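Remarks on the overall topology
Here is what each chain is made of, one letter per residue.
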Amino acid sequence: MDDLAQQRRTEVRELSRLALAELGDATAGIAKVHSAFSEHIFAGLRLGLGDFVTPSKILHDSIAAGTYSVITAVCDTASEIAGQTADGWGRPPSQTSKGAFAIAAVNGLIGDHLDAQGSPLAEGMTIRVDGVPIAPTPADLAEAFPRATGRIVVFLHGLMETELAWRIGGRPTYGQRLGDDLAATEVQVRFNTGRHISENGRELDDLLSEVVANWPVPVDEIALVGHSMGGLVVRSGCFRAATDGHEWVTRVRHVVSLGTPHLGAPMARSVHYLSAALDKLPESRPFARLLRRRSAGVRDLFHGSLVDEDWSGRDLDALRVAAVQEVPLLEGATHCFVSASVTRNPRHPLGRIIGDGLVLVPSANGRDKKRHIGFRDDDGFAITAANHFTLLNHDEVYDWLLARLDTSPGTPMPRQLTAGASAGPGAVRPPSSDLGRC
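Residues numbered from 1 in each chain as written. Predicted model: local features only at pLDDT ≥ 70, side-chain atom pairs only at ≥ 80, totals over all residues. Heavy atoms only, no water.

Before going further, it helps to spend a moment on the overall build of the protein. In terms of helices and strands, the protein carries 14 helices and nine strands. At a minimum sequence separation of 6, the contacts of the protein that also span at least 24 residues come to 78%. For the protein, the accessible area works out to roughly 19900 Å², and carbon and sulfur atoms hold 58% of it. (Helix = DSSP H or I, 4+ residues; strand = E, 2+ residues; numbered from the N terminus. Contact = heavy atoms within 4.5 Å. Areas by Shrake-Rupley, 256 points an atom, 1.4 Å probe, with all protein chains shown as cover.)

In C-alpha cells:
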C-alpha cells in the first residue's frame, strides 16, 4: 500500500472511530442528566406516597440504566470496529474540501486533546497547495511554487476553518489576485485551531524560518494576513520570532487582521460563564463537563491570549479569568485591520451588540475602554451589512488590501480609501475619534 492510500485509510478510520466515540460520550452525559432529574422527581413523590414509590423507582432506574448502557456499548463497539476495518477511496479526507472541513471542525472543538493523543487528525501547521501539504524543503517548495517571487503573502485561516475558506463564493482568493496585481506569491497555511494560539504561533515562527531559508528565490518582503483566530496566531508568531531574534521576521512589512478578536470574542466568554453556571447543579453538571472539553484554542479567545504565560499553570475553568499579557505589535511593519458589522449602520444598537456575528467591532479594532493594542486609526477599514465570513473573500476588502500592500510601511492610507469614497457603497471608514466607540 502506498503512502497516500495508507494516509487515506488512517484518516477515514480515525474519523469514523471519533464520531462514534463522541456519540457514546454524549449518551453517557444524557444518562447522568436523566438520573439527576429522576432523583429529584422520585424524592418528591416519596414525600407524598412514602415507600410505595420505591418499587417503581427501582424498575425505572433499571430500565433507564440498561437502555443507556446498551447505546453506549454499541457506540463503543462500533467505534472499535471502525477503527480496525474502515477503508477509503480517492484522496485522503484532509486533502478534499468536505473532508478537510470535517477535520477542521473536529480540531476546532477538541484539537488539543487529539494532539495530546497523537491522533492522525491533529494536523500540524503546514503549507497547502490544492489541499496537499508541502514540506518546507528547497525541492518541495521549488516544485510547488514554480513561479515564486521574492514577495510572499502568507494567509492564515480562522477557527474551524482551513485554507479552503479563502475561496468562499467560488471566487479567486486574495492571494491569487495579488499575484496578478502585485507579482506576489500566495502561501496558504493550515493549522490545528484547537491548540493554544501561542503553540500555533511557535509553529508559525518555525515554519516561516524554514520557508525563508529554503524559498526558491531570495525573500525580499513578507506580508501576513490572518482571518479571525489566524490574526492572533500571526501576532503571536511575530512576537516570538522578534523576541528570539529570528531573521525572517525582519522582512515582514505588513500584518493584516480580518475580523480578528484582538480583545476576545463574546462566544468564548459566553461558553466560559455558562459552563461555570451549569456546574452548580447535578442535573446540568454533565453539560458543564461537555462544555469544559472545549479546546485550548477556543479558551484563548476569551481575552485574545497570545503567549504561554496566559494559560500555563492557571485554572482555566475558574470563574474569574486572569488578565492576559499585552503583546506589542511588531516594529517596522504596518499593522492593518478590518472590521465588519451585520447592520448597515455600525452604530445601530444591533450592530454594537452583534458586530459581524462572531467578533465585535471594538475587538476587531483592538480598542475599547480598557485596552488598546496599538493600531493606528489610519490603518483600519470597516464594511457594513457583512458578516464574519464575508471578510474571507470580498471585493471591497480586496481593493483596500491591495492599496495597503502596495504602499510602504508607515505610509498613510490613500485619501479616497480613507474616506471610503471609492470603496463601494457597503464600506465605511468612521472618523478616527469614533473608532473606539463603533
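Now for unusual backbone geometry. Phi is positive for Asp130, close to 55 degrees, though the residue is something other than glycine. Inspection of the secondary structure assignment puts Asp130 in the loop between strand S1 (126-129) and strand S2 (132-134). Since its relative accessible area comes to 54%, Asp130 is described here as exposed. Positive phi, normally seen in glycine, also occurs at Ala183, with a value near 55 degrees. One can find Ala183 in the loop between helix H5 (174-182) and strand S4 (185-190). On the basis of relative accessibility, which here comes to 44%, the residue Ala183 falls in the partly exposed class. (Buried < 20%, exposed > 50% of the residue type's maximum accessible area, 1.4 Å probe, protein only.)

Across three bridges, S1 lies against S4 in antiparallel orientation. Along S4, the bridge assignment pairs Arg128 with Gln188. Pairing geometry for S1 and S2, over three bridges, is antiparallel. When the sheet's bridge partners are listed, Arg128 is paired in S2 with Pro133. (Pairing = 2+ DSSP bridges.)

As a further point, take a nonpolar patch on the surface. Taken together, the side chains of Ile168, Met267, Leu358 and Phe389 make up a nonpolar region of the molecular surface, amounting to roughly 300 Å² of accessible area. Among the structural elements, Leu358 can be located in the loop between helix H11 (349-354) and helix H12 (361-365). (Patch = residues over 30% accessible without salt bridge, like charges linked within 9 Å, V, L, I, M, F, W, Y side chains within 5 Å. Salt bridge = Lys/Arg side-chain N within 4 Å of Asp/Glu carboxyl O.)

Attention shifts here to the pairing of S4. Judged by how many residues are buried, S4 sits mostly within the fold: five of six residues are covered. Where strand S3 (residues 151-156) lies against S4, five bridges are found, and the strand directions are parallel. Considered in S4, the bridge of Val153 is made with Glu186. Viewed along the sheet, the connection from S3 through H5 into S4 turns out right-handed. (Right-handed = clockwise from strand over helix to strand, strands pointing away.)

Turning next to the packing of H5 against helix H13 (residues 395-405). Relative orientation of the contacting elements H5 and H13 amounts to 45 degrees, with a least axis distance of 11 Å. Classed by the angle they form, the pair H5 and H13 counts as oblique. The crossing of H5 and H13 is right-handed. On H13, the residues that touch Tyr174, Arg177, Leu178, Asp181 and Leu182 of H5 are Asp395, Val397, Tyr398, Leu401, Leu402 and Leu405. (Axes fitted to C-alpha atoms, helices over the stretch in contact; angles between N-to-C directions. Parallel < 35°, antiparallel > 145°, perpendicular 65-115°, else oblique. Left-handed = near helix turned anticlockwise from the far one by under 90°.)

What follows is about the packing of aromatic side chains. Considering all chains together, one arrives at six aromatic pairs under this definition. An angle of 20 degrees between the planes, with centres 6.1 Å apart, marks the rings of Tyr174 and Tyr398 as stacked. With Tyr174 in helix H5 and Tyr398 in helix H13, this residue pair connects regions lying 224 residues apart in the sequence. With centroids separated by 4.7 Å and ring planes inclined at 15 degrees, the aromatic side chains of Phe337 and Phe375 adopt a geometry described as stacked. Separated by 38 residues along the polypeptide, Phe337 in strand S7 (residues 334-340) and Phe375 in the loop between H12 and strand S8 (380-383) bring together distant segments of the chain. Accessibility expressed as a relative area gives 2% for Phe337, which makes it buried. You can call Phe375 buried: its relative accessible area is 5%. Put simply, the rings of Phe155, Trp166, Tyr174 and Tyr398 pair up and form one aromatic cluster. (Phe/Tyr/Trp six-rings, centres within 6.5 Å; stacked < 30°, edge-to-face > 60°.)

Purely geometric stuff here, so don't read any function into it on its own.
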